[in-house]
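Results of the structural survey
Residue strings, one per chain:
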Amino acid sequence: METDRTETFTVGPAEAGLRLDRVLTAHLAHLSRSRLKALILAGQVAIVGRTIRDPAATVKSGDVVDVALPQAEPATPQGEVIPLDIVYEDDAIIVIDKPKGLVVHPAAGHKSGTLVNALIAHCGDSLSGIGGVKRPGIVHRLDKDTTGLMVVAKTDAAHRALAKQFAEKARGPLVRGYLALVWGAPARAKGTIEARLGRHSHARDRQTVRGDGRVAVTHWQVLERFGRAGTKAPVASLIDCKLETGRTHQIRVHLAHIGHPIMGDTTYGTGFRSKANLLAPEARDALHALGRQALHAYLLVIEHPETGKLLEFRSELPGDLRRLHDALRTESS
């Protein structure tokens, strides 16, 4: 195995008796704990010249530890030149405005043409070996047809720091905001949905509210209500959603759960298809042309994983959603 470099350090008195993997984590903070464990198991770590393959092995004060860091393996999958709307980029992270139709990660049915393929091609050698492989660090995802802001890590350290932010949403600086055009409008101006989510018992590609599911919390606020002459109740509304948790399809399931599914959502809003008949021709045409759920990740606030600086990014509604929004507003007025 070709070696890029070797990291060497001496165990201090305060570290005597600690586990090897814990000491490595303290001295090699730019590498994840899982990456360091893999290096130990692969025989890449030696104490006083003797190879150690046990992550739980204890160290002594004065021990000299050598860690051989193999070159990162080539990325799998391979890079593909796919246009990206890059909002921000530096050596640690990249923020993109994802278009509709772009799958984030290769999976069954989408082996290529994904955001990961595009990032591998775009970032090239600037990607460090995340987990020993040159690939972007995905810390959150957007559904294929949900548009908007995503942050991706380019280094192991950035990946670990961002993952921690996303795991501690309620306690940290992270903010993820979404705009959704939904059927009808809640009676209140704002509220919180707390409903556990889990996989549907029959449709495995769907999520559903279930008592034994994972905790899921969505905060929402009505920004606009859209009516039409001859109707008393709002036909649709624009809602701002902030995620406290980040479960699969969370906003789509939660809004459907309170009776206001997202317009164009053929998975969670099938019972509302006839509602299109309530729309004026322009809005009805815009909804038909949309061909996806009317959901956009417009706001992302993160703490930079290296500098600690608070970064805020915003994205305007894309053209197809703007057309539907403007048509709803026009007929409402």
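Look up a bit, the structure's there.
Everything quoted here is computed from the prediction, not taken from an experiment.

What follows covers the overall build of the protein. For the protein, the helix and strand inventory stands at seven helices and 18 strands. Projected onto the principal axes, the alpha-carbon positions of the protein cover approximately 85 × 40 × 40 Å. Residues counted as buried form 48% of the 333 residues belonging to the protein. Partitioning the intrachain contacts of the protein with sequence separation of at least 6 by distance along the chain shows that 68% fall at a separation of at least 24. Put simply, the protein shows about 16300 Å² of open surface, and 48% of that area lies on carbon and sulfur atoms. Looking at charge distribution, the protein has the averaged site of its 45 positive side-chain charges lying 8 Å from that of its 36 negative ones.

Turning to helix α2 (residues 33–41), a few remarks are in order. For α2, the complete set of buried residues consists of Arg35, Leu36, Leu39 and Ile40. Axial view of α2: buried residues confined to an arc of 140°, hence all on one face. More than 90 degrees from the buried face of α2, the exposed residues found are Arg33 and Ser34.

This paragraph deals with the environment of aspartate 21. Within the element layout of this structure, aspartate 21 appears in helix α1 (residues 20–27). Residue classification places aspartate 21 among the buried residues on the basis of a relative accessible area of 12%. As a C-alpha pair, aspartate 21 and arginine 33 span twelve residues in sequence and 7.4 Å in three-dimensional space. Excluding its chain neighbours within four sequence positions, the residues that come into contact with aspartate 21 are Ile40 and Pro55. Here the side chain of aspartate 21 touches arginine 19 through a polar contact of 2.7 Å, side chain to side chain.

If you trace the backbone, leucine 324 turns up in helix α7 (residues 319–332). Counting along the chain gives 158 residues from leucine 324 to phenylalanine 166, while the straight-line C-alpha distance between them is 31 Å.

Let us look at the pattern of salt bridges. Per the stated rule, a full pass over the model turns up ten salt bridges. Among the salt bridges present, the one from aspartate 143 reaches arginine 252, with a minimum N-O distance of 2.9 Å. With aspartate 143 in the loop between β9 (137–138) and β10 (147–153) and arginine 252 in helix α5 (residues 250–257), the pair connects residues that are 109 residues apart, well separated along the chain. A salt bridge links aspartate 320 to arginine 292; the nearest nitrogen and oxygen atoms lie 2.9 Å apart. Of this pair, aspartate 320 sits in helix α7 while arginine 292 sits in the loop between α6 (281–290) and β17 (295–303), and the two are 28 residues apart along the sequence. Residue arginine 292 is classed as buried on the basis of its relative accessible area of 2%. When salt bridges that share partners are traced, they join Lys100, Arg292 and Asp320 into one network.

With that out of the way, let us pick up the packing of aromatic side chains. Following the criterion strictly, the structure yields one aromatic pair and no others. With a centroid separation of 5.6 Å and 50° between ring planes, the pair formed by tyrosine 88 and phenylalanine 313 is classed as tilted. Placement of the pair is tyrosine 88 in strand β5 (residues 86–89) and phenylalanine 313 in strand β18 (residues 310–314), with a sequence separation of 225 residues.

Moving on, we get to the pairing of strand β12 (residues 190–194). Alternating positions in β12 separate cleanly, Gly191 and Ile193 being buried on one face and Lys190, Thr192 and Glu194 remaining unburied on the opposite face. With five bridges joining them, β12 and strand β15 (residues 217–226) adopt antiparallel strand pairing. Each bridged residue has a counterpart across the sheet, and for lysine 190 the counterpart in β15 is glutamine 221.

Judged from the eight bridges that link them, β15 and strand β16 (residues 236–243) form a sheet pairing that is antiparallel. Its bridge partner being in β16, glutamine 221 is matched across the sheet by aspartate 240.

Turning to the nonpolar core, a few remarks are in order. Counting 52 residues, the largest nonpolar core has Met263, Leu324 and Leu328 as its most contacted members. Element by element, the count of residues in this core is highest for strand β11 (residues 175–183), at six residues. Residues in contact with leucine 328, not counting those within four places in the same chain, are Leu181, Phe226, Ala236, Met263, Leu279 and Ala283.

For an α-helix, the turn length of 3.6 residues means that residues three or four places apart are oriented alike. Burial of α5 is extensive: six of the eight residues sit out of reach of the surface. Of all the positions in α5, only Gln250, Ile251, Arg252, Val253, His254 and Leu255 are classed as buried. Trailing α5 by a residue or two, glycine 259 shows a phi angle of about 90°, which is positive.

Locating arginine 176 in the fold gives a position in strand β11. No salt bridge is formed by the buried arginine 176; its nearest oppositely charged neighbour, aspartate 143, is found at 8.6 Å. Separated by 2.8 Å, the side chains of arginine 176 and tyrosine 178 make a polar contact.

Definitions and limits used
Residues numbered from 1 in each chain as written. Predicted model: local features only at pLDDT ≥ 70, side-chain atom pairs only at ≥ 80, totals over all residues. Heavy atoms only, no water. Helix = DSSP H or I, 4+ residues; strand = E, 2+ residues; numbered from the N terminus. Buried < 20%, exposed > 50% of the residue type's maximum accessible area, 1.4 Å probe, protein only. Contact = heavy atoms within 4.5 Å. Areas by Shrake-Rupley, 256 points an atom, 1.4 Å probe, with all protein chains shown as cover. Lys, Arg positive; Asp, Glu negative; His and termini not counted. Charge placed at Lys NZ, Arg CZ, Asp CG, Glu CD. Arc of directions from axis to C-beta. Polar contact = N/O pair within 3.5 Å; in protein donor to acceptor, adjacent residues only side chain to side chain. Salt bridge = Lys/Arg side-chain N within 4 Å of Asp/Glu carboxyl O. Phe/Tyr/Trp six-rings, centres within 6.5 Å; stacked < 30°, edge-to-face > 60°. Pairing = 2+ DSSP bridges. Core = buried A, V, L, I, M, F, W, Y, C linked by side-chain atoms within 4.5 Å.

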